[in-house]
Amino acid sequence: MPEPLAGIGGVLGFAPAWYALGVVTDEFLARARARWEAGEDPNTEHYRWWAFGEFLAARRPLPPDLAAALYALGEADPEPGMGGAMMAAIVHLPECPPAVLDTAAASGRVHLVRAVARRRADPGATAER
(Lines give C-alpha, C1' and ligand atoms only; values in the text may rest on other atoms or scores of the structure.)
Protein backbone atom coordinates (compact mmCIF):
# COMPACT_ATOMS: atom_id res chain seq x y z
CA MET A 1 0.00 0.00 0.00
CA PRO A 2 1.37 3.45 -0.87
CA GLU A 3 2.64 5.59 1.95
CA PRO A 4 0.24 7.62 4.09
CA LEU A 5 -1.21 10.81 2.66
CA ALA A 6 1.09 12.77 4.98
CA GLY A 7 4.07 11.73 2.82
CA ILE A 8 4.98 12.78 -0.71
CA GLY A 9 1.56 11.67 -1.93
CA GLY A 10 -0.08 14.21 0.33
CA VAL A 11 2.35 16.92 -0.73
CA LEU A 12 1.46 16.25 -4.36
CA GLY A 13 -2.28 16.31 -3.69
CA PHE A 14 -3.13 12.66 -4.16
CA ALA A 15 -6.45 12.11 -2.36
CA PRO A 16 -7.46 8.62 -1.15
CA ALA A 17 -9.36 7.90 -4.39
CA TRP A 18 -6.10 8.02 -6.36
CA TYR A 19 -4.83 5.09 -4.27
CA ALA A 20 -8.15 3.23 -4.21
CA LEU A 21 -8.30 3.23 -8.02
CA GLY A 22 -4.67 2.15 -8.31
CA VAL A 23 -3.65 5.31 -10.15
CA VAL A 24 -0.94 5.97 -7.56
CA THR A 25 1.36 3.08 -6.66
CA ASP A 26 4.52 2.73 -4.61
CA GLU A 27 6.51 2.63 -7.85
CA PHE A 28 4.95 5.84 -9.12
CA LEU A 29 5.46 7.58 -5.77
CA ALA A 30 9.15 6.66 -5.82
CA ARG A 31 9.57 8.24 -9.26
CA ALA A 32 7.51 11.29 -8.27
CA ARG A 33 9.53 11.74 -5.07
CA ALA A 34 12.78 11.64 -7.05
CA ARG A 35 11.52 14.26 -9.47
CA TRP A 36 10.09 16.41 -6.66
CA GLU A 37 13.32 16.25 -4.65
CA ALA A 38 15.37 17.10 -7.75
CA GLY A 39 13.38 20.32 -7.99
CA GLU A 40 12.46 19.63 -11.60
CA ASP A 41 8.86 20.78 -11.25
CA PRO A 42 7.20 22.54 -8.29
CA ASN A 43 3.68 22.29 -9.78
CA THR A 44 1.84 19.53 -7.93
CA GLU A 45 -0.89 19.26 -10.56
CA HIS A 46 1.75 18.17 -13.08
CA TYR A 47 2.47 15.12 -10.94
CA ARG A 48 -1.22 14.27 -10.79
CA TRP A 49 -1.49 14.66 -14.57
CA TRP A 50 1.57 12.42 -14.97
CA ALA A 51 0.02 9.69 -12.80
CA PHE A 52 -3.35 10.02 -14.54
CA GLY A 53 -1.80 9.90 -18.03
CA GLU A 54 0.29 6.81 -17.32
CA PHE A 55 -2.65 5.01 -15.74
CA LEU A 56 -4.99 5.90 -18.58
CA ALA A 57 -2.54 4.82 -21.28
CA ALA A 58 -1.98 1.46 -19.58
CA ARG A 59 -5.67 0.61 -19.22
CA ARG A 60 -7.32 1.49 -22.51
CA PRO A 61 -9.99 0.77 -23.44
CA LEU A 62 -11.56 1.67 -20.12
CA PRO A 63 -14.53 -0.21 -18.71
CA PRO A 64 -17.48 2.12 -18.05
CA ASP A 65 -17.12 2.06 -14.25
CA LEU A 66 -13.43 2.99 -14.41
CA ALA A 67 -14.12 5.79 -16.91
CA ALA A 68 -16.74 7.20 -14.54
CA ALA A 69 -14.39 6.92 -11.56
CA LEU A 70 -11.57 8.69 -13.39
CA TYR A 71 -13.95 11.44 -14.50
CA ALA A 72 -15.00 11.88 -10.85
CA LEU A 73 -11.33 12.01 -9.84
CA GLY A 74 -10.89 14.97 -12.17
CA GLU A 75 -14.07 16.58 -10.91
CA ALA A 76 -12.68 16.43 -7.35
CA ASP A 77 -9.22 17.77 -8.18
CA PRO A 78 -8.36 20.92 -6.21
CA GLU A 79 -6.96 22.61 -9.33
CA PRO A 80 -9.92 23.37 -11.65
CA GLY A 81 -7.79 23.48 -14.80
CA MET A 82 -6.15 20.17 -14.01
CA GLY A 83 -9.43 18.52 -13.09
CA GLY A 84 -11.08 19.89 -16.21
CA ALA A 85 -8.29 18.44 -18.35
CA MET A 86 -8.76 15.04 -16.72
CA MET A 87 -12.51 15.13 -17.30
CA ALA A 88 -12.01 16.21 -20.92
CA ALA A 89 -9.56 13.37 -21.49
CA ILE A 90 -12.25 10.89 -20.43
CA VAL A 91 -14.99 12.60 -22.47
CA HIS A 92 -12.80 12.42 -25.58
CA LEU A 93 -12.32 8.66 -25.34
CA PRO A 94 -14.41 6.65 -27.80
CA GLU A 95 -15.32 4.29 -24.98
CA CYS A 96 -16.61 7.09 -22.73
CA PRO A 97 -19.94 5.79 -21.42
CA PRO A 98 -23.19 7.69 -22.06
CA ALA A 99 -23.68 8.37 -18.34
CA VAL A 100 -20.35 10.22 -18.19
CA LEU A 101 -21.23 12.18 -21.33
CA ASP A 102 -24.52 13.16 -19.68
CA THR A 103 -22.69 14.30 -16.55
CA ALA A 104 -20.21 16.32 -18.61
CA ALA A 105 -23.02 17.91 -20.65
CA ALA A 106 -24.71 19.02 -17.43
CA SER A 107 -21.47 20.19 -15.77
CA GLY A 108 -21.69 23.81 -16.86
CA ARG A 109 -18.02 23.65 -17.91
CA VAL A 110 -18.00 25.11 -21.38
CA HIS A 111 -15.19 22.93 -22.76
CA LEU A 112 -16.94 19.76 -21.60
CA VAL A 113 -20.39 20.83 -22.81
CA ARG A 114 -18.91 21.59 -26.24
CA ALA A 115 -16.98 18.32 -26.38
CA VAL A 116 -20.14 16.34 -25.66
CA ALA A 117 -22.12 18.35 -28.21
CA ARG A 118 -19.47 17.58 -30.86
CA ARG A 119 -19.55 13.87 -29.98
CA ARG A 120 -23.33 13.74 -30.18
CA ALA A 121 -23.46 15.68 -33.45
CA ASP A 122 -21.12 13.17 -35.10
CA PRO A 123 -21.41 9.85 -33.24
CA GLY A 124 -19.33 8.03 -35.86
CA ALA A 125 -16.26 10.15 -35.25
CA THR A 126 -14.00 9.64 -32.28
CA ALA A 127 -13.20 12.73 -30.29
CA GLU A 128 -9.65 11.69 -29.46
CA ARG A 129 -6.93 14.12 -30.29
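Everything discussed here concerns the structure shown above.
Right, let's walk through the structure included here. Note that the structure is a prediction, hence the values are computed from the model and not measured.

**Overview of helix H8 (residues 110–121)**
In this model H8 runs 16 Å from its N-terminal to its C-terminal C-alpha over 12 residues, within 8% of the 16 Å that 1.5 Å per residue would give. If you check which residues of H8 are buried, you get Leu112, Ala115, Val116 and Arg119. Mapping the buried residues of H8 onto a view down its axis gives an arc of 95°, with all of them on the same face. Of the residues in H8, the exposed ones pointing more than 90 degrees away from the buried face are Arg114, Arg118 and Ala121. Where H8 is buried, its residues touch helix H5 (64–75), helix H6 (80–91) and helix H7 (98–105).

**Focus on the pattern of salt bridges**
Following the criterion strictly, the structure yields 7 salt bridges and no others. Close ionic contact of Arg33 with Glu37 constitutes a salt bridge, the shortest N to O distance being 3.9 Å. Residue Arg33 and its partner Glu37 are located together in helix H3 (residues 26–38), separated by 4 residues, close to a single helical turn. By relative accessible area, Arg33 is classed as partly exposed at 30%. Residue class for Glu37 comes out exposed when judged on its relative accessible area of 59%. Note that Arg120 is salt-bridged to Asp102, the shortest N-O span being 2.4 Å. Placement of the pair is Arg120 in helix H8 and Asp102 in helix H7, with a sequence separation of 18 residues. Judged by its relative accessible area of 44%, Arg120 falls in the partly exposed class.

Reading guide: rules and limits
Residues numbered from 1 in each chain as written. Predicted model: local features only at pLDDT ≥ 70, side-chain atom pairs only at ≥ 80, totals over all residues. Heavy atoms only, no water. Helix = DSSP H or I, 4+ residues; strand = E, 2+ residues; numbered from the N terminus. Expected span 1.5 Å × (residues − 1). Buried < 20%, exposed > 50% of the residue type's maximum accessible area, 1.4 Å probe, protein only. Arc of directions from axis to C-beta. Contact = heavy atoms within 4.5 Å. Salt bridge = Lys/Arg side-chain N within 4 Å of Asp/Glu carboxyl O.

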